[in-house]
Amino acid sequence: MNFRVVLFVLSLIGSIVSGSMFLPAAWAWFDGTPDAAVLLRCAVFSLAACVALALVTRPSRKSAPGRSDIGVREAFAIVSFSWVVASVIGALPYVLHGTTANFTDAFFEAMSGFTTTGASILSNIEENPRGILLWRALTHWLGGMGIIVLSLTILPFIGGGGMQLFKAESPGPLPEKLTPRLQQTAAILWEIYIFLTALEVGALMLCGASFYEGVTHAFATVATGGFSIYNDSIAHFRSPAVEWVVTAFTFLAGVNFSLHYLFLRGSFGAYFKDD
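For clarity, every value in this text was computed on a predicted model and none was experimentally measured. (Residues numbered from 1 in each chain as written. Predicted model: local features only at pLDDT ≥ 70, side-chain atom pairs only at ≥ 80, totals over all residues. Heavy atoms only, no water.)

## Remarks on the nonpolar core
Now for step 1: Core analysis: the largest hydrophobic core is formed by 57 residues, its most contacted members being Trp135, Trp141 and Tyr193.
Now for step 2: Ignoring sequence-local partners within four residues, the contact set of Trp135 consists of Val17, Ser20, Met21, Pro24, Leu39, Gly90, Pro93, Tyr94 and Phe114.
Now for step 3: Grouped together as the second largest cluster of nonpolar side chains are 7 residues, Val5, Val9, Ile13 and Ala77 included. (Core = buried A, V, L, I, M, F, W, Y, C linked by side-chain atoms within 4.5 Å. Buried < 20%, exposed > 50% of the residue type's maximum accessible area, 1.4 Å probe, protein only. Contact = heavy atoms within 4.5 Å.)

This is the structure in structure tokens:
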């Protein structure tokens with residue numbers, strides 16, 4: 001196994017997760033809450049560590065990561081350890097802010113988020129500031145489509161080895177390529193994912209939710225995970241309209257995205273032709 005290329009790709013995946021932490025940090029800064037500094041420190045520290053690892057393990061130009069470097073073993077190692085790397089980074093804000101009592105609980109919360117499991121150790125969710133809760137929702141959203149799929153979208157250097165990652169990440173036996181180029185397929189999947197998220201945010205706001213409530217609950221819905229910013233989840237809204245929106249988009253998010261792609265391309269009967 002080529003451990004060097006595994007570490008290199010993992011460092012880049014860690015950089016993506018670390019960089020995404022700047023969004024809740026900016027939100028917390030806008031709110032003027034202390035968690036802004038916590039999130040910013042975590043983002044800078046983890047990003048610096050990942051970039052340093054990438055510089056140490058980066059392959060030479062003659063042996064850039066590609067078909068010859070990322071085989072089946074490397075792909076499974078990258079996919080498996082990417083969840084661990086993401087969860088270690090994702091746990092840092094919970095520990096430093098004091099959201100959890102220890103790193104084990106923080107790691108559980110982060111892993112539950114990235115894997116969209118939806119289980120939580122938090123007994124009082126609402127006592128946490130909005131920046132932390134937005135990060136919690138964002139871990140759901142990133143994991144919903146898959147960190148590897150995101151990596152394939154923005155890391156074109158992976159080349160032929162990307163198909164090995166795509167196969168290892170897919171839960172089914174036959175992952176579908178919507179286009180001849182895998183990077184373009186990954187981009188299409190993310191575009192549909194973002195489109196569904198934006199639609200749900202708008203629908204929830206029409207039902208009376210605030211923008212923040214819409215974003216955090218849309219992240220949980222399209223990821224089919226279930227994290228909420230309220231202790232009683234969507235029951236907090238006391239709104240059948242909100243419940244129907246969440247139900248509808250959870251169903252849409254559970255449908256094969258290839259069918260959404262075909263529908264958007266004009267094949268309106270794609271859903272009914274699929275077994």
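That shown, we press on.
## A look at empty space enclosed by the protein
Now for step 1: Across all of its chains, the model carries 1 cavity of 30 Å³ or more by this definition.
Now for step 2: If you add up the space inside the largest cavity, you get close to 40 Å³.
Now for step 3: Every residue along the wall of the largest cavity is listed here: Leu133, Arg136, Ala137, Thr216, Phe227, Ser228 and Ile229.
Now for step 4: Of the residues belonging to the lining of the largest cavity, the class tally is 4 nonpolar, 2 polar and 1 charged. (1 Å grid on protein atoms, 1.4 Å probe; cavity = no way out; pocket = protein on both sides within 12 Å on 5 of 7 lines; lining within 4 Å. Points joined across faces, edges and corners; volume = space filled by probe spheres on them. Nonpolar A, V, L, I, M, F, W, Y, C, P; charged D, E, K, R; others polar.)

## Digging into helix H2 (residues 22-31)
Because each turn of an α-helix spans 3.6 residues, side chains separated by three or four positions in sequence point in the same direction.
Now for step 1: Of all the residues in H2, the buried ones are Pro24, Ala25, Trp27 and Ala28. Around the axis of H2, the buried residues are gathered within 160° of arc, so they sit on the same side. Among the exposed residues of H2, those oriented more than 90 degrees off its buried face are Trp29 and Phe30.
Now for step 2: Two residues or fewer past H2, Gly32 is found with a positive phi of approximately 75°. (Helix = DSSP H or I, 4+ residues; strand = E, 2+ residues; numbered from the N terminus. Arc of directions from axis to C-beta.)

## Some remarks on helix H6 (residues 130-145)
Now for step 1: Along its 16 residues, H6 runs 23 Å from first to last C-alpha, staying within 8% of the 22 Å computed at 1.5 Å per residue.
Now for step 2: By the criterion of burial, H6 is predominantly enclosed, with 14 of the 16 residues buried. (Expected span 1.5 Å × (residues − 1).)

## A short note on the packing of aromatic side chains
Now for step 1: Under the criterion given, the structure shown has 12 aromatic pairs.
Now for step 2: Considering the side-chain rings of Trp141 and Tyr193, the 5.3 Å spacing of their centres and the 25° angle between planes classify their relative orientation as stacked. Pair noted here: Trp141 is in helix H6 and Tyr193 is in helix H9 (residues 182-206), with a separation of 52 residues, a long-range link.
Now for step 3: We classify Trp141 as buried; its relative accessible area is 12%.
Now for step 4: With 5.8 Å between their ring centres and 85° between their planes, Tyr230 and Phe237 make a pair best called edge-to-face. (Phe/Tyr/Trp six-rings, centres within 6.5 Å; stacked < 30°, edge-to-face > 60°.)

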